[in-house]
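Spelled out, the chains give:
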Amino acid sequence: MLLRIFIVKLLILLSLASNAQELNAEVQVLSPAIQRTNKQVFNTLETAIRQFLNTRKWTSEKYAQEEKINCSFIINMTKWDGNDNFEGTLQIQYSRPIYKSTYQSPLFVHMDQNFQFNYLEFDRLDFSENTSLSNLTSILAYYVYIIIGMDHDSYAMKGGDEFYNEAQRIVSNNASSSFPGWSSLAGNTKNRFWLIDNLLSPVFDGIRICYYQYHRQGLDLMFNPAQQKLAKQNIKASLMSLKAVNKKRPNSFLMQLFFDAKSQEIINVFSGGNPIPTADLKEVLIDLDGNNASRYEAIGKG
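These numbers come from a predicted model, not from an experiment.

The rules we used
Throughout, residues of each chain are indexed from 1 in the direction in which the sequence is written. Since the coordinates come from a predicted model, pLDDT governs what is reported: local features require at least 70, and pairs of side-chain atoms require 80 or more to be given and counted, while whole-chain, interface and lining totals use all residues. The basis for every side-chain value is the complete set of non-hydrogen atoms in the structure, without hydrogens or water. Site definitions follow a grid-based scheme: protein atoms alone, a 1 Å grid, a 1.4 Å probe that fits but cannot get out for cavities, and for pockets an open set with protein on both sides within 12 Å along at least five of seven lines, plus lining residues having an atom within 4 Å of a point. Grid points are joined across faces, edges and corners, and a volume is the space filled by probe spheres set on the points. Each helix is a run of H or I in the DSSP string that is no shorter than four residues. Each strand is a run of E no shorter than two, and both are numbered from the N terminus. Residues are grouped as follows: Ala, Val, Leu, Ile, Met, Phe, Trp, Tyr, Cys and Pro are nonpolar; Asp, Glu, Lys and Arg are charged; all remaining types, including Gly, are polar. Buried means the residue's accessible area, taken with a 1.4 Å probe over protein chains only, is under 20% of the maximum for its type, while exposed means over 50%, and partly exposed covers the values in between. In what follows, a contact means two residues having at least one pair of non-hydrogen atoms within 4.5 Å. The term salt bridge refers to a side-chain nitrogen of Lys or Arg lying within 4 Å of a carboxyl oxygen of Asp or Glu. Fitting a line to C-alpha atoms yields each axis, with helices limited to the stretch in contact; the angle taken between N-to-C directions then spans 0 to 180 degrees. With respect to orientation, any angle under 35 degrees is reported as roughly parallel, any angle over 145 as roughly antiparallel, any angle of 65 to 115 as roughly perpendicular, and every other angle as oblique. Crossings are assigned a handedness: left-handed for a near helix turned anticlockwise from the far helix by less than a right angle, right-handed for a clockwise turn. Side-chain rings of Phe, Tyr and Trp, where Trp is taken by its six-membered ring, are said to pair if the distance between their centres is within 6.5 Å; with planes under 30 degrees apart they count as stacked, over 60 as edge-to-face, and otherwise as tilted. Whether a charge sits over a ring depends on NZ of Lys or CZ of Arg being within 6 Å of the ring centre and within 35 degrees of the ring normal. Strand pairing is assigned whenever DSSP identifies at least 2 bridges connecting the two strands.

K.L.:
Would you mind showing me how to read the layout of surface pockets here?
P.N.:
Where empty space is left in the structure can be found by rolling a water-sized probe over the atoms. Volume-wise, the largest pocket comes out at about 340 Å³. As for the largest pocket, its lining consists of 15 residues, of which Glu66, Glu67, Lys68, Pro97 and Tyr155 are closest to the centre. The greatest single-element share of the lining of the largest pocket, amounting to three residues, is contributed by helix 3 (residues 135-155). Considered class by class, the residues forming the lining of the largest pocket number four nonpolar, five polar and six charged.

Below, the structure is given as structure tokens:
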């Protein structure tokens, strides 16, 4: 009898392990601008969001514990009416592990300035793929699918389509929402609508292909000293290919997001180890990411 109980428990544990959730999300809810004595609601909200992100199964895929996607959601609340109306910002960061390394490569660093929602303390956070139940969970789920899509893009060429389509469905579900960030007509070309529109547009396929070449054919080869020069050449080629994308859509939102995450890493990659020619690369980087032009001058000088 004891043996049977042990076997049943073991099978349950194995089943849970084989269907582990996808995210390892850190969550912080900050409220320094809220001048109230009792701010327990923010602690409750932080716990609820953490559980929502990390215990929900977002895909049909099986993730081992070590395969979970590391990301962070940092919320800075700026307004609260003392009831259920909240306003603030949401900063999302996602990093990808590099093969045979402890290094985490940043892929997505973004601040959503339109983070508004209704929430009553101890409310259950629910989400439906087919309708908008809550602006809070819609926003969180949207960015979950963006993160998972980018993760898949970095391992397989344009591998994130399925998850970007889920993010686009969330945008459609919120098309008539009174909350900001979902509309193409609000004069903001850097909101949730335009992010997923860019990711699914063929015009920006070059950026998505770059994610794959840069990571899978570049950084993932760096562990092997014999392949480090090839890895750098592949990374360089992937970055050079972005010139064609920028020619079609200069200074795009998606290009900005790419370099927000990658600029320092690019400098590090080409400033040490086996050198390769970088003069032409520096010209392209300065053209694509003018905000960091002076920093790219350091490439090749390490």
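K.L.:
Please explain the side chain of Thr44 as it appears in this structure.
P.N.:
Along the polypeptide, Thr44 turns up in helix 2 (residues 40-55). What makes Thr44 buried here is its relative accessible area of 13%. The residues touching Thr44, leaving out its near neighbours within four places in the chain, are Tyr119, Glu121 and Phe122.

K.L.:
Whenever I open this one, the environment of Phe127 confuses me. Can you help?
P.N.:
One can find Phe127 in the loop between strand 4 (104-118) and helix 3. Residues Phe127 and Phe193, spaced 66 residues apart in sequence, show a C-alpha to C-alpha distance of 19 Å. With residues up to four places along the chain from it excluded, the contact list for Phe127 reads Phe52, Arg56, Trp58, Leu133, Thr137, Ala141, Tyr145 and Ile170.

K.L.:
Where do I start with the pattern of salt bridges in this structure?
P.N.:
A side chain of one charge can pair with a side chain of the opposite charge when the charged atoms of the two come close. All told, the structure shown has 13 salt bridges when counted by the stated rule. Two residues, Glu46 and Arg50, come together in a salt bridge whose shortest N-O distance is 2.9 Å. Of the two residues, Glu46 and Arg50 both sit in helix 2, four residues apart, roughly one turn of that helix. When the shortest N-O distance is used, the salt bridge between Lys158 and Asp205 registers 3.2 Å. Residue Lys158 is located in the loop between helix 3 and helix 4 (161-173), and its partner Asp205 is located in helix 6 (residues 205-216); the two are separated by 47 residues in the primary sequence.

K.L.:
Looking at this structure, how should I read the packing of helix 7 (residues 228-240) against helix 10 (residues 279-288)?
P.N.:
Put simply, helix 7 and helix 10 touch, their axes get as near as 10 Å, and they point 40 degrees apart. The angle between helix 7 and helix 10 falls in the class oblique. Where helix 7 crosses over helix 10, the handedness of that crossing is left-handed. Touching Lys236, Leu239 and Met240 of helix 7 are Asp280, Leu281, Val284, Leu285 and Leu288, all from helix 10.

K.L.:
Is there a simple way to think about the packing of aromatic side chains in this case?
P.N.:
A ring pair, where both rings are aromatic, is described by two values, the distance of the centres and the angle of the planes. Inspection of the entire model under this criterion finds 17 aromatic pairs. Ring centres of Phe42 and Trp80 lie 5.4 Å apart, and the angle between their planes is 75 degrees; on these two criteria the pair is classed as edge-to-face. Here the residue Phe42 occupies a position in helix 2, and Trp80 occupies one in strand 2 (residues 69-80), the gap between them amounting to 38 residues. Grouped by ring-pair contacts, the aromatic residues Phe42, Trp80, Phe86, Phe115, Phe117 and Tyr119 constitute a single cluster. Directly above the ring of Trp80 sits Arg36, whose terminal nitrogen or CZ lies 5.0 Å from the centroid. Positioned above the aromatic ring of Tyr155, the side-chain terminus of Arg96 is 3.9 Å from the ring centre.

K.L.:
Would you mind going over the sheet that holds strand 3 (residues 85-97) with me for this structure?
P.N.:
Sheet strands associate in pairs through backbone hydrogen bonding, adopting either a parallel or an antiparallel arrangement. Spatial strand order, 1-2-3-4: four strands in an open sheet with mixed pairing. Looking at strand neighbours, the two that pair on one side only are strand 1 (23-30) and strand 4, the edges of this open sheet. Sheet twist, expressed as the average angle between the axes of neighbouring strands with direction ignored, equals 15 degrees. Strand direction decides the pairing type here: strand 3 and strand 4, joined by 12 bridges, are antiparallel. Residue pairing across strands places Gln93 opposite Val109, the latter belonging to strand 4. Running over the sheet, helix 3 touches strand 1, strand 2, strand 3 and strand 4 and is turned about 165 degrees from strand 4.

These figures capture arrangement, not role.
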